Amino acid sequence: MFRINSPVTFGILCALIVALIGGGVYALADNVILPALQQKEEAVVEYSPTPIIEPTPTPVVVTPKPEVVQQAIDDGTFVTMDPQTGAVVTSTPTATPVPTPVPTPTPMPLEGRVIAIDAAKSKGATHKGVSSKTYEYKINLAFAQALQQQLVNMGAKVVMTRETNGKQVGAASRIRTINNAKADLAISILCNDISSRDIRGAEAFVAKDAKNYDQSVKLARAIINGYTTATGMPVRDTSDGSVRIVTGKEVLSGARVPVMGLVLGQLSNKTDDACLNDPAFIQKAARGIANGIKNYLG
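Rules used throughout
- Residues numbered from 1 in each chain as written.
- Predicted model: local features only at pLDDT ≥ 70, side-chain atom pairs only at ≥ 80, totals over all residues.
- Heavy atoms only, no water.
- Pairing = 2+ DSSP bridges.
- Helix = DSSP H or I, 4+ residues; strand = E, 2+ residues; numbered from the N terminus.
- Right-handed = clockwise from strand over helix to strand, strands pointing away.
- Core = buried A, V, L, I, M, F, W, Y, C linked by side-chain atoms within 4.5 Å.
- Buried < 20%, exposed > 50% of the residue type's maximum accessible area, 1.4 Å probe, protein only.
- Contact = heavy atoms within 4.5 Å.
- Axes fitted to C-alpha atoms, helices over the stretch in contact; angles between N-to-C directions.
- Expected span 1.5 Å × (residues − 1).

(A) Seen up close, the pairing of strand S4 (residues 157-160). Pairing analysis gives four bridges linking strand S3 (residues 114-119) to S4, with the strands arranged parallel. In the strand pairing of S4, Ile117 is matched with Met160. Between S3 and its parallel partner S4, the chain crosses via helix H3 (residues 136-153), and the hand of that crossover is right-handed.

Here is the structure:
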């Protein structure tokens with residue numbers, strides 16, 4: 001048996017034992033306790049998770065139905081395909097603005113025509129209405145001016161043999177105006193005054209020696225028909241039908257163009273006299289005469 005008899009030896013032994021125990025404890029702490037503590041410290045470090053990325057869904061491809069495509073085409077819509085799904089997308093196209101076309105003016109019925117109007121008689125003539133006491137030359141000019149406006153509205157150029165009641169204008173001057181105008185036709189507007197107050201109605205005159213006789217008769221028929229149709233004025237019975245062939249009418253004989261004389265009515269008849277002084281009747285007459293001229297010219 002080992003015995004320690006010396007205190008020094010005992011002290012040395014105790015020191016060795018303490019050293020061995022301390023070294024073992026240090027080793028244990030270094031290999032076990034310290035790593036454990038480090039792991040614990042690492043465990044309490046704040047955790048930052050990696051963000052989760054949502055997967056991109058695979059587009060569902062839609063197969064267009066042929067009838068849908070055909071219907072879209074029939075409806076006049078655009079047909080396109082969705083690039084992701086292949087689905088049919090229709091939309092009504094935005095209309096491309098179309099420039100407003102400039103309308104082509106409709107030619108007026110008497111455009112380019114030249115028409116001479118002769119308001120027969122002039123200042124100094126003595127015939128007047130039986131009731132109105134209005135002088136014939138004033139009535140003639142009122143109808144001539146209304147007809148002038150109507151013809152201008154239809155595109156014609158109008159030449160008047162006189163435009164005022166304030167001065168005398170002889171037959172020779174009026175004939176010269178008609179012939180210088182190079183008109184397509186001429187109409188002389190006048191009234192009649194007879195002894196019988198019962199006779200009424202319009203008349204169409206053509207000169208027996210008219211330079212364009214056949215055309216003058218055709219013109220006379222067209223104008224009296226237009227006048228009486230528009231106004232309801234009757235035609236005075238004559239042996240020559242609706243057109244009277246006359247002599248002694250200077251304007252009708254002297255004009256070199258187709259020309260006729262329109263008797264508006266009978267100043268000697270109260271009914272005709274009232275009509276010839278009625279503004280509404282005058283306007284209807286102007287429209288009717290203008291229509292007659294248009295029909296003649298075709």
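Let's pick the thread back up.
(B) Structural detail: the nonpolar core. If you look at the biggest cluster of nonpolar residues, it comprises 65 residues, and the most contacted ones within it are Leu151 and Tyr227. At nine residues, helix H8 (residues 279-297) tops the list of elements feeding residues into this core. In contact with Leu151, not counting residues within four places along its chain, are Leu110, Ile115, Ile117, Ala156, Val158, Ala290 and Ile293.

(C) Representation of the sheet that holds strand S5 (residues 185-192) within the structure. Taken in spatial order, the six strands line up as S4-S3-S5-S8-S6-S7 in an open sheet, and their pairing is mixed. Edge positions in the sheet fall to S4 and strand S7 (243-246), since each has one partner strand and no second. In this sheet, neighbouring strand axes are inclined to one another by 30° on average, regardless of whether the strands run parallel or antiparallel. One ladder, built from five bridges, connects S3 with S5; its direction is parallel. Within S5, the residue paired with Ala116 across the bridge is Ala186. With respect to the sheet, H3 is in contact with S3, S4, S5 and strand S8 (259-266), its orientation differing from that of S5 by roughly 145°.

(D) Focus on helix H5 (residues 213-231). Taking 1.5 Å per residue, 19 residues should reach 27 Å; H5 reaches 27 Å between its end C-alpha atoms and fits that length. Listed as buried for H5 are Ser216, Val217, Leu219, Ala220, Ala222, Ile223, Ile224, Gly226, Tyr227, Thr228 and Thr231. Where the residues of H5 are buried, they touch S5, strand S6 (203-207), S7, S8, helix H7 (270-276) and H8. Looking at the residues trailing H5, positive phi occurs at Gly232, about 80°.

Remember that the coordinates give geometry; whether it matters functionally is a separate question.
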